[in-house]
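Next come the chains, spelled out residue by residue.
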Amino acid sequence: MRKKKYIICLLVLLTCMFSSAAGVNKMFVQRKGEAGWVYHIFPKKMPSVNKKIKNLNYDFTFTEQSDSVTLIATVVINAPLKPNSLRIVSCGKLSEYEVETLYLIPKGSKYEYRLLAKLPFEEWESMYSCTSPYKLNYIFNDGSNFEEISFMYSDSKWKSKRKYLLIILNTIKLNTGK
């Protein structure tokens, strides 16, 4: 009887592990080429802090050759302003990065931006080492008008997102020897 319970517990544990791993495998792709490893984490949505603004659509791509992570995000705002920077608040630390506009499209009375920012791998890794969610703040400015748009996960969503990204980060580190 005791052996039967042990086997059942082991099967349940293995099922949980494999279903969790299957979930992670659907979140990214990895390829190795002449320039080293490339990891692309598929697009996700991050809630806007101001509910009047649409959620952020974003994805990450890590390239071993540059040892950096590219964050590409779609941001929709109410006025045509120049994007200046991305501020990331994580673990009580503020980091700021330049943003590049990939495109701007008028969408009715709003404006959709596709923005790119490059982060060092270590910064990206530190964003997920924190038990509380990081916050992305996009800064827009045209000289006379200033707007800061913020995005952040709730604590409950963060636990799930963080768990999977830590597995992906570990995979990157194991494959690249970081």
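Here, the structure is the one placed above.
Along every chain, residues carry numbers that run from 1 in the direction the sequence is written. pLDDT decides what is reported in this predicted model: residues at 70 or higher carry local features, side-chain atom pairs at 80 or more are listed and counted, and totals for whole chains, interfaces and linings draw on all residues regardless. Note that the side-chain values use all heavy atoms of the structure and ignore hydrogens as well as water.

**Considering the sheet that holds strand β4 (residues 68-77)**
Okay, so step 1: Strand order in the open sheet made by the 6 strands is β1-β2-β3-β4-β8-β7, with antiparallel pairing throughout. With one partner strand each, in any of the chains shown, β1 (28-33) and β7 (100-107) form the two edges of the open sheet. Strand-to-strand twist of the sheet, defined as the mean angle between neighbouring strand axes without regard to direction, takes the value 15°.
Okay, so step 2: Across 7 bridges, β7 lies against strand β8 (residues 110-120) in antiparallel orientation. From the neighbouring strand, Glu 100 faces β8, where its bridge partner is Leu 116.
Okay, so step 3: Working rule for contacts: check all heavy atoms of both residues, and any pair within 4.5 Å makes them a contact. Helix axes are fitted to C-alpha atoms over the stretch in contact, other axes to C-alpha atoms as well, and angles between N-to-C directions run from 0 to 180 degrees. Only runs of H or I of at least four residues qualify as helices and only runs of E of at least two qualify as strands under DSSP, and these elements are numbered from the N terminus. Sheet contacts for helix α2 (residues 121-129): β2 (36-46), β3 (56-63), β4 and β8; angle to β8, the most-contacted strand, approximately 105°.
Okay, so step 4: In the packing of helix α3 (residues 155-176) onto the sheet, the strands contacted are β1, β2 and β3, and the crossing angle to β2 comes to about 170°. Here, strands pair whenever DSSP counts at least two bridges between them.

**A few points about the state of the cysteines**
Okay, so step 1: Here, the term disulfide refers to a pair of cysteine sulfur atoms separated by no more than 2.5 Å. In the structure shown here, the tally under the stated rule is 1 disulfide.
Okay, so step 2: Here Cys 91 is linked by a disulfide to Cys 130, with a sulfur-sulfur distance of 2.3 Å. Of this pair, Cys 91 sits in the loop between β5 (82-90) and β6 (93-98) while Cys 130 sits in the loop between α2 and β9 (135-141), and the two are 39 residues apart along the sequence.
Okay, so step 3: Note on classification: 1.4 Å probe, protein chains only; a residue is buried when its accessible area is under 20% of the maximum for its type, exposed when over 50%, partly exposed between these limits. In this structure Cys 91 comes out as partly exposed when scored by relative accessible area, which is 45%.
Okay, so step 4: The buried category is assigned to Cys 130, whose relative accessible area is 10%.

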